[in-house]
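Residue-level structural notes
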Amino acid sequence: MDMRAIGLGLAFALMWSSAFTSARIIVADATPLFALSLRYLVSGIIGVGIARALGQSWHLTKPQWRATIAFGILQNAVYLGLFFVAMQTIEASLAAIIASTMPLMVALAAWAFMGDKLSPMGIIGLIAGLVGVGLIMGARLTDDLDLIGVAICFIGVLALTIATLTVRGASAGGNLLMVVGLQMLVGCVALTIATLLFETPQVTLSWPLGIAFIYTCLVPGLTATWVWFLLVGRIGATRAATFHFLNPFFGVVIAALLLGEKLGSRDILGVTIIAAGILAVQISRQRNA
């Protein structure tokens, strides 16, 4: 792992983690599915436009198209759609913590369904991750925690887990920015259908909404996804996923700084244990790769 890969990984983790805070700001003034579908429309058009200007083609290979559609639906529509809905009632820091368990779920799914080996270190990491989540959930059960919102987030993480297992097909064959833009548009179509079925769009215009929306479109939406594909293409999905151990820290710190969300001692301990568990699992997977 060279310095460029480390830089890409740190940038991705920071951008990915900040998305929960900006999403929390957005759903305070706009209905979630409509706001997210509009975000993907803007991000997708920008991504495809830049890709075309760079000479990239939208004539993807069949594996790329399959992975792009699957990724667009599972990550962009299902995962983030559910998280946007849930963040109407749960804090950004908690959403970031739940989302950060994705590497643990990927490792568990790869072991259970794809025949990947899991070393004793990996098993300890999985157990540690569960313990950390349990600590945080236990600390917040007395704070009027919306259990339905939490459950929605965990369903979203399951969708993200499945999407992550398809990412290699999307990143192989070049045209990375075009792939990113197209999967944004796939998410836009899916979320537009969901909006028509389940939501009456409402927007209260405000400066925080405008700034958060623009930031979300350009940074965690377009740039972070592109950087993730670059990172996977450079060092592989297993090594790239190591950087997810930073997400619990970045997620709670950004939410605390920008939204003033409280961070108790059990939260800090839980985040530390989850991060250690993610790191242990990823190191284990690298050794077995």
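Residues numbered from 1 in each chain as written. Predicted model: local features only at pLDDT ≥ 70, side-chain atom pairs only at ≥ 80, totals over all residues. Heavy atoms only, no water.

A few words now on the overall build of the protein chain. Scanning the protein chain from N- to C-terminus turns up 13 helices and 0 strands. Tracing the protein chain from N to C terminus, the helices and strands come up as α-α-α-α-α-α-α-α-α-α-α-α-α. For 289 residues, the compact-globule formula gives about 19 Å, and the C-alpha radius of gyration of the protein chain, at 18 Å, lands near that figure. Projected onto the principal axes, the alpha-carbon positions of the protein chain cover approximately 45 × 45 × 35 Å. The burial tally for the protein chain puts 52% of its 289 residues in the buried class. Sequence-distant contacts in the protein chain: of pairs separated by 6 or more residues, those separated by 24 or more amount to 91%. (Helix = DSSP H or I, 4+ residues; strand = E, 2+ residues; numbered from the N terminus. Rg over C-alpha atoms; globule rule 2.2 N^0.38 Å. Buried < 20%, exposed > 50% of the residue type's maximum accessible area, 1.4 Å probe, protein only. Contact = heavy atoms within 4.5 Å.)

Quick look at the confidence of the model for the protein chain now. Put simply, the protein chain has an average pLDDT of 87, and 94% of its residues get 70 or more. Across the protein chain, the element-wise mean pLDDT spans from 55 in helix 8 (residues 167-171) up to 95 in helix 2 (residues 32-53). (pLDDT = per-residue confidence, 0-100.)

Together, Leu38, Leu41, Val42, Ile45, Ile46, Ile50, Leu54, Ile214 and Leu218 make up an exposed nonpolar region whose accessible area comes to about 730 Å². For the nonpolar patch, the secondary structure elements donating two or more residues are helix 2 and helix 10 (207-235). Looking at the nonpolar patch, the element that brings in the most residues is helix 2, giving 6 residues. Following the sequence through the fold, Ile46 ends up in helix 2. (Patch = residues over 30% accessible without salt bridge, like charges linked within 9 Å, V, L, I, M, F, W, Y side chains within 5 Å. Areas by Shrake-Rupley, 256 points an atom, 1.4 Å probe, with all protein chains shown as cover. Salt bridge = Lys/Arg side-chain N within 4 Å of Asp/Glu carboxyl O.)

Counted at 1.5 Å a residue, the expected span for helix 3 (residues 62-86) with its 25 residues is 36 Å, and the 34 Å between its end C-alpha atoms agrees. Helix geometry: helix 3 is bent most strongly at Leu80, by close to 25°. (Expected span 1.5 Å × (residues − 1). Bend = angle between axes of the 7 residues up to and from the residue.)

Inspection of the entire model under this criterion finds 6 aromatic pairs. Each residue in the set Phe12, Trp16, Phe20, Tyr79, Phe83 and Trp228 is aromatic and connected to the rest through ring pairs, giving one cluster. Geometry around Trp58 places Arg52 over its ring, the cationic atom sitting 4.5 Å from the centre. (Phe/Tyr/Trp six-rings, centres within 6.5 Å; stacked < 30°, edge-to-face > 60°. Lys NZ or Arg CZ within 6 Å of the ring centre and 35° of its normal.)

Following the sequence through the fold, Gln75 ends up in helix 3. A distance of 3.2 Å separates a polar atom in the side chain of Gln75 from a polar atom in the side chain of Asn76. (Polar contact = N/O pair within 3.5 Å; in protein donor to acceptor, adjacent residues only side chain to side chain.)

Attention now goes to the packing of helix 2 against helix 3. The description of two helices packed together rests on the angle between their axes and the distance between the axes. Two numbers describe how helix 2 lies on helix 3: the axes approach to 9 Å, and their chain directions differ by 135°. Comparing their axes, helix 3 and helix 2 come out oblique. In this structure, helix 2 meets helix 3 at a crossing whose hand is right-handed. On helix 3, the residues touching Pro32, Leu33, Leu36, Arg39 and Tyr40 of helix 2 are Asn76, Leu80, Gly81, Phe84 and Val85. Taken together, the residues that form the contact of helix 2 with helix 3 break down as 7 nonpolar, 2 polar and 1 charged. (Axes fitted to C-alpha atoms, helices over the stretch in contact; angles between N-to-C directions. Parallel < 35°, antiparallel > 145°, perpendicular 65-115°, else oblique. Left-handed = near helix turned anticlockwise from the far one by under 90°. Nonpolar A, V, L, I, M, F, W, Y, C, P; charged D, E, K, R; others polar.)

This part is about the packing of helix 4 (residues 92-99) against helix 7 (residues 147-164). Between helix 4 and helix 7, whose axes approach to 9 Å, the crossing angle comes to 35°. Judged by the twist between their axes, the crossing of helix 4 over helix 7 is right-handed. Taking contact as the criterion, the partners of Leu94, Ile98 and Ala99 in helix 4 are, on helix 7, Val150, Cys153, Phe154 and Val157. Taken together, the residues of the contact of helix 4 with helix 7 break down into 7 nonpolar, no polar and no charged.

A full pass over the atoms with the stated rule returns 0 disulfides. Cysteine Cys217 shares no disulfide, and the gap to the nearest cysteine sulfur, in Cys188, comes to 11 Å. Since its relative accessible area comes to 2%, Cys217 is described here as buried. (Disulfide = S-S within 2.5 Å.)

Here helix 7 is 18 residues long and its end C-alpha atoms lie 25 Å apart, about the 26 Å a rise of 1.5 Å per residue gives. Among the residues making up helix 7, those that are buried are Gly149, Val150, Cys153, Gly156, Val157, Ala159, Leu160, Thr161, Ala163 and Thr164. Where helix 7 begins, one side-chain oxygen reaches toward the backbone nitrogen of Ile148, 3.3 Å away; that side chain belongs to Asp146.

This part takes up the environment of Gly138. As for its position among the elements, Gly138 is in helix 6 (residues 120-140). Separated by 129 residues in sequence, Gly138 and Asp267 place their C-alpha atoms 9.6 Å apart.

Once that is clear, we can look at the environment of Leu257. Residue position: Leu257 is located in helix 12 (residues 247-259). Classification of Leu257 as exposed rests on a relative accessible area of 69%.

Position of Met137 among the secondary structure elements: in helix 6. The class for Met137 is buried, based on a relative accessible area of 14%. Along the chain, Met137 and Leu94 lie 43 residues apart, while their C-alpha atoms are 8.8 Å from each other. Setting aside residues no more than four positions away along its own chain, Met137 makes contact with Leu94, Ile98, Leu145 and Val150.

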